[in-house]
Amino acid sequence: DSIGKIAFALTATTDALMDLLELRINLETFAAYYAAQRRTDKDITELYQTIVDMRLAKKSPQMDDDAIQNLRRLSHEFHRRLVQAAHNSVLSTVYENLYELLDISRQFTTSSSGISYNSILAHEAIFNRIVQRDADGAREAMEEHLSDVRVNLSSRLAEAEAKEQNQSLPAD
């Protein structure tokens, strides 16, 4: 329910966020593997269009909150479409039901300038493996992408924790 998701967001701990990312890694590497095997031409078109939209959004001259939210939405859209391309109804249902929780982790991994060009390149690498029907390569590309996300999340959480500790120190 929405209240439970909001409560989780307000009390999300470092461990919970890392656990959530661990779940994402497992779900999305599985999805990438099967998307490469089962994707349709329509899936390829939708994934490609999302990458084009991400590139256009990244070129925005002003990276305000709306532009950052749009980049985060497009990144999620790519991952959602990839899950759909796996053509596994249970996976799709689980993924959709976890949307709000997954978006919480994205909020922590999206910087103040939105997603990086490296992230867009990672999405393109995953896409290219899916186009080539390279299931193992798609899984590996997704795992590499989400490993980078893990490093970014760990770094951002450490920064937030250090900032919080500095603010709680008594003044001289």
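Residues numbered from 1 in each chain as written. Predicted model: local features only at pLDDT ≥ 70, side-chain atom pairs only at ≥ 80, totals over all residues. Heavy atoms only, no water.

Asker: How should the packing of aromatic side chains be read in this particular structure?
Answerer: Two aromatic rings are characterised by how far apart their centres lie and by the angle between their planes. Applying the stated criterion to the full structure yields three aromatic pairs. Centre to centre, the rings of Tyr 33 and Tyr 34 are 5.0 Å apart; their planes meet at 80°, and the pair counts as edge-to-face. Measuring from centroid to centroid gives 6.0 Å for Tyr 48 and Phe 127, while their planes differ by 40°, and the two rings are tilted. Taken as a pair, Tyr 48 in helix α3 (residues 41–58) and Phe 127 in helix α7 (residues 117–131) lie far apart in primary sequence, 79 residues in all. Taken together, Phe 30, Tyr 33 and Tyr 34 form an aromatic cluster joined through their ring pairs. (Phe/Tyr/Trp six-rings, centres within 6.5 Å; stacked < 30°, edge-to-face > 60°. Helix = DSSP H or I, 4+ residues; strand = E, 2+ residues; numbered from the N terminus.)

Asker: Sorry, what's going on with the packing of helix α4 (residues 65–85) against helix α5 (residues 89–97) here?
Answerer: A pair of packed helices is characterised by two quantities: the angle between their axes and the separation of those axes. Where α4 meets α5, the axes come as close as 9 Å, and the angle between the chain directions of the two elements is 155°. The pairing of α4 with α5 is recorded here as roughly antiparallel in orientation. Touching His 76, His 79, Arg 80, Val 83 and Gln 84 of α4 are Leu 91, Ser 92, Tyr 95 and Glu 96, all from α5. Here the residues of the contact of α4 with α5 sort into three nonpolar, four polar and two charged. (Axes fitted to C-alpha atoms, helices over the stretch in contact; angles between N-to-C directions. Parallel < 35°, antiparallel > 145°, perpendicular 65-115°, else oblique. Contact = heavy atoms within 4.5 Å. Nonpolar A, V, L, I, M, F, W, Y, C, P; charged D, E, K, R; others polar.)

Asker: Even after reading the chapter, I still don't get the pattern of salt bridges, so can you show me in this structure?
Answerer: Side chains carrying opposite charge are able to pair once their charged atoms draw close together. Applying the stated rule across the entire model yields eight salt bridges. Note that Arg 80 is salt-bridged to Glu 77, the shortest N-O span being 2.4 Å. Placement of both Arg 80 and Glu 77 in helix α4 is noted, with a separation of three residues, approximately one turn of the helix. As far as the burial class goes, Arg 80 and Glu 77 line up, both buried. Of the charged contacts, one joins Arg 139 and Asp 136 as a salt bridge, the two residues approaching to 2.7 Å between their closest N and O atoms. Linking Arg 139 with Asp 136, this pair stays in helix α8 (residues 135–168), spanning three residues, or about one helical turn. Each of Glu 77, Arg 80 and Arg 81 takes part in a single network of salt bridges with overlapping partners. (Salt bridge = Lys/Arg side-chain N within 4 Å of Asp/Glu carboxyl O. Buried < 20%, exposed > 50% of the residue type's maximum accessible area, 1.4 Å probe, protein only.)

Asker: What am I meant to see in α7 here?
Answerer: Structurally, the α-helix is built with 3.6 residues per turn, so residues lying three or four positions apart point the same way. In this model α7 runs 21 Å from its N-terminal to its C-terminal C-alpha over 15 residues, within 8% of the 21 Å that 1.5 Å per residue would give. Every buried residue belonging to α7 is among Ser 119, Ile 120, Ala 122, His 123, Glu 124, Ile 126, Phe 127 and Ile 130, and all of these are buried. Looking at the residues trailing α7, positive phi occurs at Arg 133, about 60°. (Expected span 1.5 Å × (residues − 1).)

Asker: What am I meant to see in the packing of α4 against α7 here?
Answerer: Running from amino to carboxyl end, α4 crosses α7 at an angle of 20°, the nearest separation of the two axes being 12 Å. By the angle between their axes, α4 is roughly parallel relative to α7. Note on packing geometry: the crossing formed by α4 with α7 is left-handed. Facing Ser 75, Phe 78, His 79 and Leu 82 of α4, the residues of α7 in contact are His 123, Ile 126, Phe 127 and Ile 130. Residue composition of the contact of α4 with α7, grouped by class: five nonpolar, three polar and no charged. (Left-handed = near helix turned anticlockwise from the far one by under 90°.)

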